[in-house]
Amino acid sequence: MAAHLSSGRVNLTALREAGRRELREFLDKCAGSKAIVWDEYLTGPFGLIAQYSLLKEHEVEKMFTLKAGRLPPADVKNIIFFVRPRLELMDIIAENVLSEDRVRSPVRDFHILFVPRRSLLCEQRLKDQGVLGSIIHREEYSLDLIPFDGDLLSMESESAFKECYLENDQTSLYHAAKGLMTLQALYGTIPQIFGKGECARHVANMMIRMKREFPGSQNSIFPVFDTLLLLDRNVDLLTPLATQLTYEGLIDEIYGIQNTYVKLPPEKFAPKKQGEGGKELPTEPKKLQLNSAEELYAEIRDKNFNAVGSVLSKKAKIISAAFEERHHAKTVGEIKQFVLQLPHMQAARTSLANHTSIAELIKDITTSEDFFDNLTVEQEFMSGIDTDKTNNYIEDCIAQKHPLIKILRMVCLQSVCNSGLKQKVLDYYKREILQTYGYEHILTLNNLEKAGLLKPQASGRNNYPTIRKTMRLWMDDINEQNPNDISYVYSGYAPLSVRLAQLLARPGWRSIEEVLKMLPGPHFEERQQLPTGLQKKRQHGENRVTLVFFLGGVTYAEIAALRFLSQIEDGGTEYVIATTKLINGTSWIKSLMEKLEPPPF
């Protein structure tokens with residue numbers, strides 16, 4: 001079931017198992033039949049840890065979504081609320097519990113499982129509502145890092161960036177540090193920690209303090225990771241704003257991937273049968289799971305979209321040749337051999353059909369004039385052309401009232417590529433946006449400025465060209481089919497965050513001291529002492545393993561670039577990626593948007 005989690009250098013099944021064990025222990029505390037009431041946001045992340053079958057084994061008979069009013073009828077002894085520690089959810093729980101008591105005679109036990117931490121504020125709110133006494137077990141389930149794939153972990157904390165950079169709330173950093181401590185308990189102490197940025201510094205400090213406070217946490221496991229690299233998202237604000245051009249990145253940009261699942265328009269996936277031309281098309285979106293358990297997806301997910309077509313046509317030829325084999329099978333042995341191959345071949349054919357349909361859907365968009373114009377302007381900004389004056393294309397888009405998020409992404413991209421905009425350019429954009437889309441967006445513009453995405457140029461100096469040249473962020477001659485550099489993921493632009501990881505591995509950050517000083521936040525190095533006998537003696541030709549933790553979110557294109565570095569011949573380093581949230585430019589900007597609601601008169 002979770003074979004794809006153990007396919008990489010680090011077997012992440014152990015982490016999933018630890019999560020499942022903790023869940024089983026809690027369910028067994030609530031003896032008797034159970035119904036789980038879910039905070040809807042948690043169902044996706046939990047699905048990656050435990051399927052319904054595991055819950056069923058532990059007497060979970062019903063599952064409901066948490067909503068106001070009365071709970072649906074269920075003949076069970078225990079009602080368990082799985083919730084994030086949020087006050088508004090406590091009010092709904094209180095309403096559920098109070099409406100329950102009045103109508104039923106058989107007494108039911110209520111329990112709460114807080115994910116990822118218990119909260120005194122929430123318990124106080126339940127007390128104020130008069131229901132705290134009705135709740136028997138109040139426990140926490142530390143779902144910090146969830147394994148998404150063989151080399152990918154995410155906390156799926158949707159507001160981490162906003163909390164850290166706008167609200168100065170370090171809760172998600174504490175959870176990141178706890179998650180890293182759990183990883184070290186399972187995979188050994190990480191001897192070297194490097195970091196860049198304020199949040200990275202906080203997380204490293206918390207880890208060191210936790211280690212000091214729990215001397216028993218020093219374990220005798222041989223370290224799996226050699227290095228931990230902590231990176232603040234605001235060290236590289238540019239990368240998420242640009243349009244990702246890998247296959248997986250474009251699926252996420254256009255349709256949005258949620259907890260490895262994507263919902264697609266159904267018409268491309270309707271089975272085509274002869275003589276049924278007039279049959280109505282399905283209306284339910286097609287839901288597909290995307291991870292490396294699927295052979296074809298593992299092969300094409302990280303390729304530049306322009307290189308995907310040739311792989312799909314090659315695969316189609318191989319599969320039809322394999323099916324043709326049946327005509328040549330003469331002996332019983334050969335026929336049996338063919339029949340054994342059949343399930344695998346049919347799965348490969350379905351997979352190919354699905355990805356051909358997805359590629360067609362994406363191609364319809366990437367070949368549109370609007371997509372091309374948008375990409376051209378992005379690439380001009382990233383290569384340093386005309387970043388200091390108002391852009392005609394952006395003006396036209398505002399005049400035609402294109403989606404606001406698209407406008408904000410482009411204006412922020414221009415600002416970041418110019419180390420901030422000249423005051424009169426910035427004022428002009430703000431005025432145009434507010435007059436076209438409404439003054440209620442003034443808070444959003446304020447948030448973007450606070451986060452450093454849309455700001456006036458300080459001291460009249462633009463550092464971006466220096467950073468671009470020193471770090472080789474823009475490459476003119478890129479090979480999208482057989483790439484030789486990470487810049488293929490954005491067709492020319494190499495993600496700054498991944499360049500930092502690449503240069504740390506070889507030749508080391510000393511070579512870019514000047515640029516590091518231009519980027520926000522401190523850079524640092526810590527060493528964690530290993531007990532004697534656990535120092536690693538590397539075999540000849542054995543790669544180092546580096547865990548790169550993005551605090552504030554990571555895009556699929558950055559993940560693809562790190563996977564590319566892992567696979568380079570003589571690269572010397574393999575990467576595992578962890579993050580607070582998987583993001584793209586749209587979801588990221590959305591998390592910073594705020595709408596002023598008019599007062600209800």
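Residues numbered from 1 in each chain as written. Predicted model: local features only at pLDDT ≥ 70, side-chain atom pairs only at ≥ 80, totals over all residues. Heavy atoms only, no water.

With an unreviewed UniProt entry as reference, the chain is termed Vacuolar protein sorting-associated protein 33A, source organism Sphenodon punctatus. Quoted straight from UniProt, the Sequence similarities (unreviewed entry) entry for the chain says "Belongs to the STXBP/unc-18/SEC1 family." (UniProt positions renumbered as here; feature names shortened; annotations may be inferred.)

A. Region of interest: the overall build of the chain. Of the regular secondary structure elements, the chain holds 23 helices and 15 strands. Taken against the 2.2 N^0.38 rule, which gives 25 Å for 601 residues, the C-alpha radius of gyration of the chain at 26 Å falls within 12% of a compact globule. Principal-axis analysis of the C-alpha atoms gives the chain an extent of 75 × 75 × 70 Å. In the chain, buried positions account for 53% of the 601 residues. On the chain, roughly 28200 Å² of surface is accessible, and the fraction owed to carbon and sulfur atoms is 52%. Charge separation in the chain, taken as the distance between the mean sites of 74 positive and 77 negative side-chain charges, equals 3 Å. (Helix = DSSP H or I, 4+ residues; strand = E, 2+ residues; numbered from the N terminus. Rg over C-alpha atoms; globule rule 2.2 N^0.38 Å. Buried < 20%, exposed > 50% of the residue type's maximum accessible area, 1.4 Å probe, protein only. Areas by Shrake-Rupley, 256 points an atom, 1.4 Å probe, with all protein chains shown as cover. Lys, Arg positive; Asp, Glu negative; His and termini not counted. Charge placed at Lys NZ, Arg CZ, Asp CG, Glu CD.)

B. Spatial organisation of the pattern of salt bridges. Evaluation of the coordinates by the stated rule reveals 34 salt bridges. Residue Arg84 is joined to Glu158 by a salt bridge in which the shortest nitrogen-to-oxygen separation is 2.9 Å. Placement of Arg84 in the loop between β3 (78-83) and α4 (87-103) and of Glu158 in the loop between β7 (152-154) and α6 (160-165) is noted, with a sequence separation of 74 residues between them. According to the relative accessible area criterion, Arg84 is buried, its value standing at 15%. A salt bridge links Glu248 to Arg301; its shortest N-O distance comes to 3.0 Å. Of this pair, Glu248 sits in helix α10 (residues 247-255) while Arg301 sits in the loop between α11 (295-300) and α12 (308-324), and the two are 53 residues apart along the sequence. The buried category is assigned to Arg301, whose relative accessible area is 4%. (Salt bridge = Lys/Arg side-chain N within 4 Å of Asp/Glu carboxyl O.)

C. The environment of Thr13, seen in detail. Here Thr13 lies in helix α1 (residues 13-29). Residues Thr13 and Pro147, 134 residues apart in the sequence, show an inter-C-alpha distance of 7.9 Å.

D. Representation of the nonpolar core in the model. Counting 165 residues, the largest nonpolar core has Leu23, Phe82, Leu230, Leu453, Leu500 and Phe549 as its most contacted members. Each residue touching Phe549, except ones within four places of it in the same chain, is listed here: Leu145, Met155, Ala176, Leu180, Leu228, Leu229, Leu230, Leu231, Ala578, Thr579 and Thr580. Counting 23 residues, the second largest nonpolar core, distinct from the first, contains Val37, Phe64, Ala74 and Ile79. (Core = buried A, V, L, I, M, F, W, Y, C linked by side-chain atoms within 4.5 Å. Contact = heavy atoms within 4.5 Å.)

E. Layout of the packing of aromatic side chains. This structure, assessed with the given rule, holds 14 aromatic pairs. Of the aromatic side chains, those joined through ring pairs into one cluster are Trp38, Phe46, Phe82 and Tyr141. The ring of Phe524 carries Arg201 above its face, with NZ or CZ at 4.1 Å from the centroid. When the ring centre of Tyr261 is taken as reference, the NZ or CZ atom of Lys287 above it lies at 4.8 Å. (Phe/Tyr/Trp six-rings, centres within 6.5 Å; stacked < 30°, edge-to-face > 60°. Lys NZ or Arg CZ within 6 Å of the ring centre and 35° of its normal.)

F. Inspection of unusual backbone geometry at higher detail. Cis rather than trans, the peptide bond between Val115 and Pro116 has omega equal to 5°. Note on placement: Pro116 falls in the loop between β4 (109-114) and α5 (120-128). Here the bond from Arg506 into Pro507 is cis, since omega is 10°, no more than 30 degrees from zero. Within the secondary structure, Pro507 is located in the loop between α20 (496-505) and α21 (513-518). Positive phi, normally seen in glycine, also occurs at Asn168, with a value near 55°. Tracing the sequence through the fold places Asn168 in the loop between α6 and α7 (171-187). On the basis of relative accessible area, Asn168 is assigned to the exposed category, the value being 63%. Backbone geometry places Ser419, a non-glycine residue, at a positive phi of 50°. Judged by its relative accessible area of 19%, Ser419 falls in the buried class.

G. Structural view of the sheet that holds strand β2 (residues 60-65). The strand order across the open sheet built from 5 strands is β2-β1-β3-β4-β5, with neighbouring strands paired in parallel fashion. In this open sheet, the two strands that pair with only one neighbour each are β2 and β5 (135-140). Each neighbouring strand pair of the sheet contributes to a mean axis angle of 20°, computed without reference to strand direction. Sheet topology places β3 next to β4; 6 bridges connect them, and they run parallel. Bridge pairing in β4 places Val83 opposite Phe114. (Pairing = 2+ DSSP bridges. Axes fitted to C-alpha atoms, helices over the stretch in contact; angles between N-to-C directions.)

H. Quick peek at the sheet that holds strand β14 (residues 544-551). Pairing is mixed across the open sheet formed by 7 strands, whose spatial order is β6-β7-β15-β14-β9-β8-β13. One side of each edge strand has no neighbouring strand; the edge strands of this open sheet are β6 (146-149) and β13 (523-527). In this sheet, adjacent strand axes meet at a mean angle of 20° when their direction is disregarded. Relative to strand β9 (residues 227-232), strand β8 (residues 192-196) is paired through 5 bridges, and the arrangement is parallel. The residue bridging Gly195 from the neighbouring strand is Leu230, located in β9. Here helix α8 (residues 198-213) sits on the sheet and contacts β8, β9, β13 and β14; the angle it forms with β9, its principal contact strand, is near 140°.

I. Fine view of the packing of α12 against helix α13 (residues 332-366). Where α12 contacts α13, the two axes come as close as 10 Å, and the packing angle between them is 150°. Accordingly, the angle class assigned to the pair α12 and α13 is roughly antiparallel. Like other packed secondary-structure pairs, α12 and α13 cross with a definite hand, here left-handed. Contacts between α12 and α13 involve Leu312, Lys315, Ala316, Ile319, Ala322 and Phe323 from the first element and Phe338, Leu342, Met345, Gln346, Ala348, Arg349, Leu352, His355, Thr356 and Ala359 from the second. Per-class residue counts for the contact of α12 with α13 are 11 nonpolar, 3 polar and 2 charged. (Parallel < 35°, antiparallel > 145°, perpendicular 65-115°, else oblique. Left-handed = near helix turned anticlockwise from the far one by under 90°. Nonpolar A, V, L, I, M, F, W, Y, C, P; charged D, E, K, R; others polar.)

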